[in-house]
Amino acid sequence: MRALAELVRAPAALTVPGDALAGAAAAGWPFGRRTLPLSVASVLLYWAGMALNDYADRAVDATERPERPIPSGRVSPAAALGLAIGLTGGGIGVAAVTGGVRALRVAVPLAATVWAYDLLLKATSWGPVTMAAARALDVLLGAGGARVAVSPALIVGVHTLAVTVVSRSEVDGAKPVVPAAALTATVGAGLATCLGGTANPVTTSAFAGTYAVTTGRALCDAVRDPSAPRVRHAVGTGISGMIPLQAGLIVRTGARRAALGVAAAFPLARLLGRKVSPT
């Protein structure tokens, strides 16, 4: 079970439900109480992407990260691929049951984007953009594709783009300009969250500030010392930093309880991330 948890980056799934909730809040909760089950579809698709990522990278990981589940022999490539297929089917199925056609219109392109990233585009210049598109679609899933959720989807996408670009330097380290650019994107995402119109300006600013400070501090450290360990830390912090960003996007619509529920996962995600790497 530990090997499977490492394969799918299990604790990182805590950063996923807030996507759908942010989209749903922006769109006025079109699925009502079914929004929370719909977020389960997001988690399943996220886990599918993680398993597929390690399946696709197994040859490279054998050299660069031999401790990962597949190159270490704890999970077979066939098992990882089968798990990715099963989780993808489960995610689409949950979306269909809970959100019907409106959810499927987003869930199917989301799943296709995840598979295209892992199998075709990850190593290309389109890789970070594709990953950002996947997280943006995840936000739109909670909104049933409603255009009113485009703003939070773009903010989450910008953050994801920045983290993904930095993640490409996890093994060999980065040039300082890479985390510096990501730091600029982080500040921009935080400001966009606060300035996008809010029913709770103080709480929104608190969540956005938490996001900017935690993620930004790790990126500042990587600017000063862009070695591989610092870069990996910045990426891990950026992944968990998605949670206060989502909470800020939710609470600015007036949905305070939903935002607090999402924010409660932040310290847990950071704690579990020390036990099972989110990257």
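Scroll up to find the structure this text is about.
Engineer: Looking at this structure, how should I read the overall build of the protein?
Structural biologist: Helix and strand content of the protein: 13 helices and zero strands. Traced from its N-terminal end to its C-terminal end, the protein shows the element sequence α-α-α-α-α-α-α-α-α-α-α-α-α. Considering only C-alpha atoms, the protein reaches an extent of 50 × 45 × 30 Å along its principal axes. For the protein, the residues scored as buried account for 51% of the 279 residues in total. Taking the contacts inside the protein whose residues are at least 6 apart along the sequence as the reference set, 76% of them involve residues at least 24 apart. Surface exposure of the protein reaches about 11800 Å², of which carbon and sulfur atoms provide 67%. Charge centroids of the protein, computed over 25 positive and 13 negative side chains, lie 11 Å from each other.

Engineer: Explain the side chain of Ser240 to me, please; I cannot follow it from the model alone.
Structural biologist: Take Ser240: it is sitting in helix α10 (residues 228-240). Look at Ser240 and you get buried, because its relative accessible area is 8%. A distance of 3.1 Å separates a polar atom in the side chain of Ser240 from the backbone oxygen of Thr237. Ignoring anything within four residues of it in the chain, the contact list for Ser240 reads Thr15, Phe266, Ala269 and Arg270.

Engineer: What exactly am I supposed to notice about unusual backbone geometry here?
Structural biologist: Keep in mind that most residues, glycine aside, have a negative phi and that most peptide bonds are trans. With phi around 55°, Arg9 is a residue other than glycine that occupies positive phi space. Along the chain, Arg9 turns up in the loop between α1 (2-7) and α2 (17-26).

Engineer: Is there a simple way to think about the layout of surface pockets in this case?
Structural biologist: Any empty space left between atoms is shown by rolling a water-sized probe over those atoms. Taken as a whole, the largest pocket holds about 830 Å³ of empty space. Asn53, Tyr117, Lys122, Ser167 and Glu170 are, among the 38 residues lining the largest pocket, the residues nearest its centre. Broken down by secondary-structure element, the contributors of at least two residues to the lining of the largest pocket are α3 (35-56), α4 (58-64), α5 (77-121), α6 (127-142), α7 (150-167) and α10. Broken down by class, the residue content of the lining of the largest pocket amounts to 17 nonpolar, ten polar and eleven charged. Space inside the second largest pocket adds up to approximately 390 Å³. Top element by residues in the lining of the second largest pocket is α10. It accounts for six residues. In the lining of the second largest pocket, the residues fall into six nonpolar, nine polar and five charged.

Engineer: What exactly am I supposed to notice about a nonpolar patch on the surface here?
Structural biologist: A surface patch of nonpolar side chains, about 360 Å² in accessible area, is lined by Trp126, Val129, Leu161 and Val165. Take Leu161: it is sitting in helix α7. Residue classification places Leu161 among the partly exposed positions, given a relative accessible area of 33%.

Engineer: Any chance you could explain empty space enclosed by the protein here in plain terms?
Structural biologist: For the structure shown, the criterion picks out two cavities of 30 Å³ or more. A volume near 190 Å³ is recorded for the largest cavity. In terms of lining, the largest cavity is formed by 17 residues, of which the most central are Leu45, Tyr46, Val114, Met131 and Ala134. At the level of secondary structure, the elements contributing two or more residues to the lining of the largest cavity comprise α3, α5 and α6. In terms of residue class, the lining of the largest cavity is built from nine nonpolar, four polar and four charged. Considering only enclosed or pocket space, the second largest cavity measures out at about 60 Å³ in volume. The wall of the second largest cavity is formed by Ala162, Val163, Val166, Ala182, Thr186, Thr215, Leu219, Ala234, Val235 and Gly238. Counting residues per element, the ones that place at least two in the lining of the second largest cavity are α7, α8 (177-195), α9 (201-224) and α10.

Engineer: Can you walk me through the packing of helix α11 (residues 242-251) against helix α12 (residues 256-263) in this structure?
Structural biologist: Two packed helices can be described by the angle between their axes and the distance between those axes. The N-to-C vectors of α11 and α12 enclose an angle of 175°; their axes lie 8 Å apart at closest approach. Taken together, the axis directions place α11 and α12 in an arrangement best described as roughly antiparallel. Of α12, the residues touching α11 (which contributes Ile243, Gln246, Ala247, Ile250 and Val251) are Arg256, Ala258, Ala259, Val262 and Ala263.

Engineer: Even after reading the chapter, I still don't get the packing of aromatic side chains, so can you show me in this structure?
Structural biologist: Two aromatic rings, taken as a pair, are described by how far apart their centres are and by the angle between their planes. In the structure shown here, the tally under the stated rule is zero aromatic pairs. For the cation-ring pair, Arg58 lies above Tyr55, with the distance from its terminal atom to the ring centre recorded as 4.2 Å.

Engineer: Explanation requested: the pattern of salt bridges in the structure shown.
Structural biologist: Opposite charge on two side chains allows them to pair when their charged atoms are near. Summed over all chains, the structure comprises eleven salt bridges. Ionic pairing is found between Asp19 and Arg135, a salt bridge with its closest N-O pair at 2.7 Å. Highlighted residues: Asp19 in helix α2 and Arg135 in helix α6, separated in sequence by 116 residues. Comparing Asp19 with Arg135, the two get one shared label, buried.

Engineer: What exactly am I supposed to notice about α10 here?
Structural biologist: One turn of an α-helix holds 3.6 residues; hence residues three or four places apart share an orientation. In this model, α10 (13 residues) spans 19 Å end to end at C-alpha, consistent with the 18 Å of a helix rising 1.5 Å per residue. Here the buried face of α10 lies against α3, α7, α9, α11 and α13 (265-273).

Parameters and conventions
Residues numbered from 1 in each chain as written. Predicted model: local features only at pLDDT ≥ 70, side-chain atom pairs only at ≥ 80, totals over all residues. Heavy atoms only, no water. Helix = DSSP H or I, 4+ residues; strand = E, 2+ residues; numbered from the N terminus. Buried < 20%, exposed > 50% of the residue type's maximum accessible area, 1.4 Å probe, protein only. Contact = heavy atoms within 4.5 Å. Areas by Shrake-Rupley, 256 points an atom, 1.4 Å probe, with all protein chains shown as cover. Lys, Arg positive; Asp, Glu negative; His and termini not counted. Charge placed at Lys NZ, Arg CZ, Asp CG, Glu CD. Polar contact = N/O pair within 3.5 Å; in protein donor to acceptor, adjacent residues only side chain to side chain. 1 Å grid on protein atoms, 1.4 Å probe; cavity = no way out; pocket = protein on both sides within 12 Å on 5 of 7 lines; lining within 4 Å. Points joined across faces, edges and corners; volume = space filled by probe spheres on them. Nonpolar A, V, L, I, M, F, W, Y, C, P; charged D, E, K, R; others polar. Patch = residues over 30% accessible without salt bridge, like charges linked within 9 Å, V, L, I, M, F, W, Y side chains within 5 Å. Salt bridge = Lys/Arg side-chain N within 4 Å of Asp/Glu carboxyl O. Axes fitted to C-alpha atoms, helices over the stretch in contact; angles between N-to-C directions. Parallel < 35°, antiparallel > 145°, perpendicular 65-115°, else oblique. Phe/Tyr/Trp six-rings, centres within 6.5 Å; stacked < 30°, edge-to-face > 60°. Lys NZ or Arg CZ within 6 Å of the ring centre and 35° of its normal. Expected span 1.5 Å × (residues − 1).

Read these as layout, nothing more, since geometry by itself doesn't imply function.
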